[in-house]
Amino acid sequence: MALKMQSILSARFDKENSYHIDTYRADGGYETYLETIKGEKGTPEELVALVKESGLKGRGGAGFSTGMKWSFLPKGTDKPIYLCVNGDESEPGTFKDRQIVEFDPHQLVEGVGITCYAIGAHTAYIYLRCEFALGIRRVKDAIRQAYEAGFFGKDIQGTGFDLDVHVHIGGGAYICGEETSLLNSIEGVRPYPRNKPPFPAVEGLFGDPTIINNVETIANIPHIVKNGAEWYSGFGHPEDPGVRLWCVSGHVNNPGVFEIETGFSLQELIDGPCGGMKNGKKLKAVIPGGSSSKVLMPDEVAQVTMDTPTIRGFDSSLGSAGIIVLDEDTDMVEAVRNLMKFYAHESCGQCTPCREGTPWIVKILNRLCTGKGRQEDMDLLLDLASNIEGRTVCALADGACWPLTSIVKKFRHEFEAKVAAATPVGAS
Amino acid sequence: MIKLTIDGREVEVEPGTTVLEAASKLGIEVPHYCYHPDIGIDGNCRMCLCEVNGNTNKLAIGCKFPVGEGMDVKTASDAVVKARKGVLEFLLINHPLDCTICDQAGECPLQDYAYRFGPGDSRFREPKRKGPKTVEFSDKVMFDTERCILCTRCTRYFEVVRDSRPIGVENMGGASTITLGPNGPITDPYQMNIIDICPVGALTSRDFRFKQRVWFMDFADTICPGCERGCNITAGAYQGKLLRFTPRRNPEVNKSWMCDDGRLSYKTYNLDERVRGATVAGESVAMDDALDKVVELVGDGSGVAILASTVDTCEELAAIGEFAKLSNIEHIWHGEKSWEGDDFLKLPDATPNTAGAKALGFTNVPDEAPALRGLIVAGDVGVPSRLLESLDFLVLQTPVAGALGEAAVVVLPGRTALEKKGSWMNHDGRRQAVKPALDPGADVPADWEIWRDLASAEWTSFAELLALANASLPEVAAIGTDEYSTIVGPNEQAQHLVIQAAKS
């Protein structure tokens, strides 16, 4: 499939005052929202069905069908329903939500309005990581402008629809991007992930039914409701349709955020829009979906297309669309040590395997990188990962294990070289 | 009802039952640390991982996972065994392994599970994480950060049971530690319960620590004599000296808890000086001679009263009642003792058997007591001074005679609450078995034997006395039935192992 760039979510990113409501409304912004709350875009049930049909999947990393998630809300509940927007974008290599909150916050805010109508929520929280200083300001401004325009509050535009939108600022922990940690963070308690079931759709924020969606996911909603499910499902790979914001970092000449339909060749992205490898170096590996995905080798990069069914065939995942390109000079043991230091630092400490296991892995990698590696370390790393993966409350531990195991397996020779060069114990 | 299979055995349980509970119904132990039946589920330790319907990629936590119709659960499959070994290896890598000087040793689920389910070895070759080992959580509780396995039972105890948060978790990941809150040392009068539920030696009693290895101690399952709640306890002693009380789980009385005052009251039962043998007018005499003297003093029983302690067991009180009847003693009264109760377990009546005494016909001392010729004081009881005014004789039967001892014509020995056998009836009318933790020796016979001999009663054995007491009392409540003993926290289980070891 050819690489097709798009300008839907990113249409206003480069415009002057792109974040102001006037700029947004000049492009027809909020019209879809107003039509929606007047019932002109269908009943809430029809909107949920529409989003399901569009094939939109969660853009936070897990890639679960958005419409399906919405449909898990209990029918006819007398409890309040909440929408929480996950803007705790912290996955290493991922910086797409930041573009939205900084440069087109109204797109997100309109998406929040439409989504709340569709799921029956009257309170929404937009959770933003504290490091998004500019984004927080812009989203808060956008919400204020939307209130001033009469889009939020009680009995909006005489429709009888009530909606209040709040911004909640995180304290700086990666774990708060895990959706149930995020709920605990909003509730003001220690943000340990919750055991599932119950899932948040049934028992979420304050114990009430809650939908948690990523910033990019919600930003897609106005476009889908405006243009229809077929319009959206016509983009990209038929089994994983849509347009995504791809974040490319690492050893390429032109890193950045690219809006591309799914199903394109990863090689083509590197060679084309990214301007090829920096300094003419050879490609060594690509981490394709944020740091919590399994690494791809150059021959895999040459074959893979960026859609879920294909990349799954290469035993990896699209994750949060954070593509990290590594050139031939990269020390893969150092690279994975850097990643594992991140996970060990960000482990919340709730579950034994992750709390104890990730720092242990870092200690082993520290030894390997300082001339104290042992022959048994590689197998030990793999076995420790097998005792962590799938044994914890949340997916942070799984996400820590995937880059580790794939790098140890695919670059074992680099680990062995470190062991061979190690100073024998006792020698000086 | 839901039918499922656990380790190839079928079991039927109520909907909403967890895998761990269903397994315990079959007598299958699913090891766990963070789950506690009286605090609830948390799911952090990952010790109770089970394989459900063959899914080995994602194991389920038995403590939380609800049963489903036709579910196939494995609690010891290859994947589960490996996962448990993994968890125990992780728990031990930074654990100081200072069992040699740890008070929890011998009743430590970390030791026990490591022994039963652990890998037996560690692949950890790195320096261990170090931390403070003597953090004073209060004047009662000491915290060792290195031993802690972060199960958060202690923080959740305060949240769930005490509705307070004096301690919490600080920092993230491997640096996580339990820490005191901003209000300083814990002041909760039920704080020492966290010591028992701590599955490791991280929380230790500043009263008990470093006093004795538990495997050298003797344990008795009995009842706290502190108040009429009748909290079920285990009394631990070494060479005839009590060293601690710990609560014993009884969901209908005290769950897994007891108050700190009751817990620390063990000290009052270690007597430095006590009545041994009998005295008449200050002279040591043979027990039979002393009893003859009492009978002589009582005479026809007119103008004589018995004031009995409500620490005395139902059986002792029945024996006293029998003596009173046979001797035509006019008045049988019971003593009173109170302290400040609270809204949790502690009740104002600071004795364990007032309900039993009342059921056996003992009454409060009347405000306007009749003029007495003689008073017989049975057991450890405060005597109102107005009763002493016109006395011809005073008989004391008590563990400690105190100031009254000099005024008494006859002094007979008595056993303390921790030396008695029988039953107490609590405020709810629940009659609970009392067992001796200490044996005071032959010169302090059981109280009921003294009353039997005084009464020259027809019955002779304890069994006969029991039948006598049973005639006017409810049955002794069953404790340690399957229902209570199958789902117990690891601490309790370990304790039972210790008790068995101590007895064998």
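Procedures and definitions
Residues numbered from 1 in each chain as written. Chains lettered and ligands numbered in written order. Predicted model: local features only at pLDDT ≥ 70, side-chain atom pairs only at ≥ 80, totals over all residues. Heavy atoms only, no water. Helix = DSSP H or I, 4+ residues; strand = E, 2+ residues; numbered from the N terminus. Buried < 20%, exposed > 50% of the residue type's maximum accessible area, 1.4 Å probe, protein only. Contact = heavy atoms within 4.5 Å. Areas by Shrake-Rupley, 256 points an atom, 1.4 Å probe, with all protein chains shown as cover. Lys, Arg positive; Asp, Glu negative; His and termini not counted. Charge placed at Lys NZ, Arg CZ, Asp CG, Glu CD. pLDDT = per-residue confidence, 0-100. Pairing = 2+ DSSP bridges. Axes fitted to C-alpha atoms, helices over the stretch in contact; angles between N-to-C directions. Expected span 1.5 Å × (residues − 1). Polar contact = N/O pair within 3.5 Å; in protein donor to acceptor, adjacent residues only side chain to side chain. Parallel < 35°, antiparallel > 145°, perpendicular 65-115°, else oblique. Left-handed = near helix turned anticlockwise from the far one by under 90°. Nonpolar A, V, L, I, M, F, W, Y, C, P; charged D, E, K, R; others polar. Core = buried A, V, L, I, M, F, W, Y, C linked by side-chain atoms within 4.5 Å. Domains from an automatic or database assignment. Patch = residues over 30% accessible without salt bridge, like charges linked within 9 Å, V, L, I, M, F, W, Y side chains within 5 Å. Salt bridge = Lys/Arg side-chain N within 4 Å of Asp/Glu carboxyl O. Buried area = accessible area lost by both parts, 1.4 Å probe.

### With respect to the overall build of chain B
And step 1. Along its length, chain B carries 13 helices and 23 strands.
And step 2. Viewed in the frame of its principal axes, chain B has a C-alpha envelope of about 85 × 50 × 40 Å.
And step 3. Counting over 504 residues, chain B shows a buried share of 58%.
And step 4. For chain B, the proportion of contacts with a sequence separation of at least 24, taken over those separated by at least 6, is 67%.
And step 5. Carbon together with sulfur atoms contributes 50% to the accessible area of chain B, which is approximately 20,700 Å² in total.
And step 6. Where the 52 positive side-chain charges of chain B centre and where its 72 negative ones centre are 9 Å apart.

### So, the confidence of the model for chain B
Residue and element names in this part refer to chain B.
And step 1. Looking at chain B as a whole, its pLDDT mean stands at 92, while 95% of the residues score no less than 70.
And step 2. In this model residues 480-504 is a low-confidence stretch, pLDDT under 50, and it forms 52 contacts with partners more than four residues away in sequence or in other chains.
And step 3. Scored as a whole, the predicted complex attains pTM 0.93, and scored at its interfaces, ipTM 0.94.

### Let's talk about the environment of V225 of chain A
All names here are of chain A.
And step 1. When you line up the elements, V225 lands in helix α9 (residues 215-227).
And step 2. Sequence spacing of V225 and I114 is 111 residues, and the spatial spacing of their C-alpha atoms is 8.4 Å.
And step 3. If near-sequence neighbours (up to four positions away) are discounted, V225 is found in contact with T32, T36, K41, L47, L50 and I114.

### Quick notes on unusual backbone geometry
A negative phi angle is the norm for most residues apart from glycine, just as the trans form is the norm for most peptide bonds.
All names here are of chain A.
And step 1. With omega at -5°, the peptide bond leading from K196 into P197 counts as cis.
And step 2. Relative to the assigned elements, P197 resides in the loop between α8 (179-187) and β4 (210-214).
And step 3. In this chain, P197 is followed by P198 through a cis amide linkage whose omega measures 0°.
And step 4. Of note, P198 is situated in the loop between α8 and β4.
And step 5. Within the chain, N17 stands out as a residue other than glycine whose phi angle is a positive 50°.

### Points about the sheet that holds strand β17 (residues 331-334) of chain B
Adjacent strands of a sheet form backbone hydrogen bonds with each other and so pair up, either parallel or antiparallel.
Residue and element names in this part refer to chain B.
And step 1. Within the open sheet, the eight strands sit side by side as β15-β14-β21-β20-β19-β16-β17-β18. Their pairing is mixed. Strands at the two margins of the open sheet, each flanked by one partner only, are β15 (283-285) and β18 (363-364).
And step 2. Taken together, the two bridges between strand β14 (residues 278-280) and strand β21 (residues 410-413) define a ladder with antiparallel strand orientation. Along β21, the bridge assignment pairs V280 with V410.
And step 3. Taken strand by strand, helix α7 (residues 287-298) contacts β14, β15, β16 (304-308), β19 (374-378), β20 (393-398) and β21, and its axis lies near 130° from that of β21.

### With respect to the pairing of β21 of chain B
Residue and element names in this part refer to chain B.
And step 1. A two-sided burial pattern is seen for β21, the buried positions comprising V410 and L412 on one face and V411 and P413 on the other.
And step 2. Relative to β21, β20 runs parallel, the two sharing four bridges. Bridging from a neighbouring strand, L396 pairs with V411 of β21.

### What about helix α14 (residues 332-346) of chain A?
Residue and element names in this part refer to chain A.
And step 1. Over its 15 residues, α14 runs 21 Å from end to end, which matches the ideal 21 Å to within 8%, given 1.5 Å per residue.
And step 2. Here α14 has its buried residues at M332, V333, A335, V336, R337, L339, M340, Y343, A344 and E346.
And step 3. Buried-residue contacts for α14 involve β9 (283-287), β10 (322-327), α15 (352-369), α17 (396-410) and α18 (412-420).
And step 4. By the N-cap criterion, in which a side-chain oxygen at the helix start approaches the backbone nitrogen of a residue two or three places on, α14 is capped by D331, the distance to V333 being 3.0 Å.

### Remarks on the packing of α15 of chain A against helix α2 (residues 78-93) of chain B
And step 1. Two numbers describe how α15 of chain A lies on α2 of chain B: the axes approach to 9 Å, and their chain directions differ by 60°. On the basis of the axis angle, α15 of chain A is oblique to α2 of chain B. Judged by the twist between their axes, the crossing of α15 of chain A over α2 of chain B is left-handed. Facing α15 of chain A, whose interface residues are T352, P353, R355, E356, G357 and W360 of chain A, α2 of chain B presents V87, E89, F90, L91 and I93 of chain B.
And step 2. Grouping the constituent residues of the contact of α15 of chain A with α2 of chain B by class yields six nonpolar, two polar and three charged.

### Quick word on the nonpolar core
General note: in soluble globular proteins, nonpolar side chains tend to be found buried as a group.
And step 1. Counting residues in each nonpolar core, the largest one holds 114 residues, and the members touching the most others are L365 and F415 of chain A together with Y33 and L242 of chain B.
And step 2. Examining the composition of this core, we find that eight residues originate from one element, α15 of chain A, more than from any other.
And step 3. Both domains that furnish three or more residues to this core are identified here as domain 1 (2-92) and domain 2 (278-491) of chain B.
And step 4. Leaving out residues up to four positions away in the same chain, Y33 of chain B has contacts with C45, M47, L88, L91, P109, L110, Y113, I149, C151, R153 and P199 of chain B.

### Considering the environment of R312 of chain A
And step 1. Note that R312 of chain A resides in helix α13 (residues 308-313).
And step 2. Between the C-alpha atoms of R312 of chain A and G371 of chain A, which are 59 residues apart in sequence, the distance is 36 Å.

### Looking at the sheet that holds strand β1 (residues 2-6) of chain B
Residue and element names in this part refer to chain B.
And step 1. Taken in spatial order, the five strands line up as β2-β1-β5-β3-β4 in an open sheet, and their pairing is mixed. Single-partner strands in this sheet number two, and they are β2 (9-13) and β4 (55-61). Along the sheet, successive strands turn relative to each other by an average axial angle of 40°, direction set aside.
And step 2. Inspection of the sheet shows β1 paired to strand β5 (residues 72-74) by two bridges, in the parallel sense. Paired with I6 across the two strands is V73, which belongs to β5.
And step 3. Set on the sheet, α2 makes contact with β3 (49-52), β4 and β5; between it and β3 the angle comes to about 160°.

### Focus on the domain arrangement of chain B
And step 1. If you check the domain split of chain B, you get domain 1 (2-92) and domain 2 (278-491).
And step 2. Centre-to-centre, using C-alpha coordinates, domain 1 of chain B lies 49 Å away from domain 2 of chain B.

### Here we look at a nonpolar patch on the surface
And step 1. The grouping of F64, M68 and F72 of chain A at the surface amounts to a nonpolar patch, some 280 Å² of accessible area in total.
And step 2. Of note, M68 of chain A is situated in helix α4 (residues 66-71).

### Comments concerning the packing of helix α16 (residues 377-388) of chain A against α18 of chain A
To characterise two packed helices, one gives the angle between the axes of the helices and the distance between these axes.
Residue and element names in this part refer to chain A.
And step 1. α18 packs onto α16 with a crossing angle of 130° between their chain directions and a minimal axis gap of 10 Å. Between α16 and α18, the interaxial angle falls into the category oblique. The residues of α18 that touch α16, namely those facing M378, D379, L381 and L382, are R412, F415, E416 and V419.
And step 2. Among the residues making up the contact of α16 with α18, the classes are represented as five nonpolar, no polar and three charged.

### Concerning the interface of chain B and chain A
And step 1. Every contact between the two is made by 37 residues of chain B and, on the other side, 36 residues of chain A.
And step 2. Regarding the contact of chain B and chain A, the summed buried area is about 2,900 Å², with carbon and sulfur atoms giving 50% of it.
And step 3. For the pair chain B and chain A, the number of links is four salt bridges.
And step 4. In this structure, R123 of chain B engages D383 of chain A in a salt bridge whose closest nitrogen and oxygen atoms are separated by 2.7 Å.
And step 5. Where chain B meets chain A, there are 23 residue pairs in polar contact (both at pLDDT 80 or more).
And step 6. Of all the secondary structure elements, the ones that give two or more residues to the side of chain B that touches chain A are β4, α2 and β8 (167-170) of chain B.

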